[in-house]
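# Analysis of the macromolecular model
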Amino acid sequence: MPGLISPVDCLHLTIEIGGMPIRVNTTDADFLGMLQNRYAGFVGSSESAAIEFDIDLFAPGFVDPRADLRVTQHAGKWSLERGDFRAEWEPARRTGAIRQSANPYSIDAVLRIVHTLVLAQEGGFLLHAASAIRNGKAFLFAGVSGAGKTTISRLAPSDATLLTDEISYVRKDVRKDARKHDHGYVAHGTPFTGELAKLGENVSAPISALYLLAQGPENRIDPVAPGEAARELLANVLFFAEDQELVQRAFHAACEFVSRVPVSRLTFVPDARVWEMIG
Amino acid sequence: MSRLYIARNARVAARKLDGEMMIMSGQDSTLFTLNKTATIIWQAADGATPLDEIVERRICPEYEVEPAAALQDAETLARELAAHGILDVSENPIISVNSSPANPLAGESR
């Protein structure tokens with residue numbers, strides 16, 4: 001009796017952000033195409049995936065993506081839940097599953113959360129900040145919505161490479177050949193966009209400075225005391241987990257960062273001359 | 001009058017940045033900055049040294065204040081820190097693996 005059971009094609013895509021490849025498996029070709037477009041420039045090699053997610057799509061219906069997010073850990077397994085998705089991830093097995101409808105926003109949220117969890121373990125973080133590379137060095141521009149992340153990104157000169165206008169990816173620099181005058185952190189490009197709606201370049205560079213953004217009547221750079229820098233940095237770090245140990249790790253990561261990377265307040269008027277002070 | 005013992009809560013992370021003691025609650029991620037007196041008390045809170053001894057040895061020489069008045073202020077401060085989950089307060093010595101003076105959570109930068 002042929003035809004009772006037919007094989008289901010498993011399609012996959014590896015999304016590599018911050019040098020961390022995550023493979024997603026789906027049986028839906030249209031959804032795969034959507035992901036290929038969404039993460040264009042961040043598609044990596046499936047053989048080297050650090051984490052693998054099976055995606056189970058359900059029919060679209062009413063879901064509230066603004067519903068409370070819960071990220072919890074139990075018995076070595078992370079559970080991620082919001083109105084529009086439900087995901088599990090077991091770090092020891094490097095596998096997980098995502099249940100969502102065929103939309104790009106739910107998986108985007110899952111990826112952000114997973115990256116924050118991985119980065120927290122190694123002293124890095126995702127930051128509400130625009131970032132760009134100029135003269136081989138990366139510069140971060142942190143601030144809440146309206147602080148000027150999109151504006152400073154839009155004003156970037158042609159010799160600057162935009163990494164993101166919204167969510168910066170910060171990792172500790174573990175390269176043996178890291179230059180001595182670098183501050184020990186690297187910024188990577190991300191596909192996480194803000195108002196500019198333009199994906200960052202998938203490149204990286206040592207972080208030279210963090211600027212806390214403020215808009216004002218003149219362009220100026222003022223030093224920020226380490227305590228204040230840590231407070232403002234922590235206010236802009238993306239962190240979702242209800243996990244005591246990870247909260248402590250995130251705190252120490254922020255303190256470590258401000259003790260090594262110069263942090264200043266960048267007040268600017270919205271025109272391109274502000275970039276004369278950067279790089 | 002019973003003596004008061006204080007110990008750093010194991011559920012907080014602490015770091016001294018450029019002389020400023022910052023503490024984050026692991027429970028609700030609330031961030032605190034301690035003033036100089038609170039920092040002295042927090043750093044000395046090993047669970048074994050009574051608060052009156054901390055006041056006598058660490059606070060009175062620093063501020064040239066009467067021990068009785070300083071102890072009253074320190075008790076008020078210790079209970080405030082306890083209310084925020086930063087310190088544990090007891091009328092008996094507090095035995096905790098995190099109460100050693102060399103608390104690894106209390107890093108220092110710059």
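Notes on the structure follow. (Residues numbered from 1 in each chain as written. Chains lettered and ligands numbered in written order. Predicted model: local features only at pLDDT ≥ 70, side-chain atom pairs only at ≥ 80, totals over all residues.)

Bringing the overall build of chain A into the picture now. Tallying secondary structure elements over chain A gives 5 helices and 15 strands in all. Computed over C-alpha atoms, the radius of gyration of chain A comes to 20 Å, within 12% of the 19 Å expected from 2.2 N^0.38 for 279 residues, which places it in the range of a compact globule. On the principal axes, the C-alpha backbone points of chain A span a range of 75 × 40 × 40 Å. Among the 279 residues that make up chain A, the fraction classed as buried is 42%. Across chain A, the fraction of contacts at a sequence separation of at least 24, relative to all contacts at a separation of at least 6, is 67%. (Helix = DSSP H or I, 4+ residues; strand = E, 2+ residues; numbered from the N terminus. Rg over C-alpha atoms; globule rule 2.2 N^0.38 Å. Buried ≥ 20, exposed ≤ 12 C-beta atoms within 10 Å, placed from the backbone. Contact = placed C-beta atoms within 7 Å.)

What follows covers the sheet that holds strand E1 (residues 11–17) of chain A. All names here are of chain A. Within the open sheet, the 7 strands sit side by side as E1-E2-E3-E7-E6-E5-E4. Their pairing is mixed. Looking along the sheet, the strands with just one partner apiece sit at the ends: E1 and strand E4 (70–74). Within this sheet the neighbouring strands show an average axis-to-axis angle of 20°, counted without direction. Bridging between E4 and strand E5 (residues 77–82) involves 5 bridges; their strand directions are antiparallel. Bridged to Arg 70 within E5 is Glu 81. Here helix H1 (residues 29–38) sits on the sheet and contacts E1, strand E2 (20–26) and strand E3 (51–57); the angle it forms with E1, its principal contact strand, is near 20°. Its contacts with the sheet place helix H2 (residues 104–121) against E1, E2, E3, E4, E5, strand E6 (85–90) and strand E7 (95–100), and it is angled at close to 30° to E6. (Pairing = 2+ DSSP bridges. Axes fitted to C-alpha atoms, helices over the stretch in contact; angles between N-to-C directions.)

Taken together, the contact pairs 14 residues of chain A with 16 residues of chain B. Of all the secondary structure elements, the ones that give two or more residues to the side of chain A that touches chain B are helix H4 (226–236) and helix H5 (244–260) of chain A. It is H5 of chain A that contributes the most residues to the side of chain A that touches chain B, 8 residues altogether. Here the residues of the side of chain A that touches chain B are counted per class, giving 8 nonpolar, 5 polar and 1 charged. (Nonpolar A, V, L, I, M, F, W, Y, C, P; charged D, E, K, R; others polar.)

Quick look at the packing of H4 of chain A against H5 of chain A now. Residue and element names in this part refer to chain A. The interhelical angle for the contact between H4 and H5, taken along N-to-C directions, is 130°, at an axis separation of 9 Å. Classified by the angle their axes make, H4 and H5 are oblique. For H4 against H5, the interelement crossing comes out right-handed. Touching Pro 226, Ala 229, Ala 230, Leu 233 and Leu 234 of H4 are Phe 251, Ala 254, Cys 255, Phe 257, Val 258 and Ser 259, all from H5. (Parallel < 35°, antiparallel > 145°, perpendicular 65-115°, else oblique. Left-handed = near helix turned anticlockwise from the far one by under 90°.)

Here we take up unusual backbone geometry. A positive phi angle is found at Asn 135 of chain A, which is not glycine, with a value near 55°. Tracing the chain through its elements places Asn 135 of chain A in the loop between strand E8 (125–134) and strand E9 (137–142). With 11 C-beta atoms packed within 10 Å, Asn 135 of chain A lands in the exposed category. We note that Glu 64 of chain B has phi near 50°; this positive angle belongs to a residue other than glycine. Checked against the element boundaries, Glu 64 of chain B lands in the loop between helix H2 (51–63) and helix H3 (67–83). Of the residues examined, Glu 64 of chain B has 7 C-beta atoms within 10 Å and is grouped as exposed.

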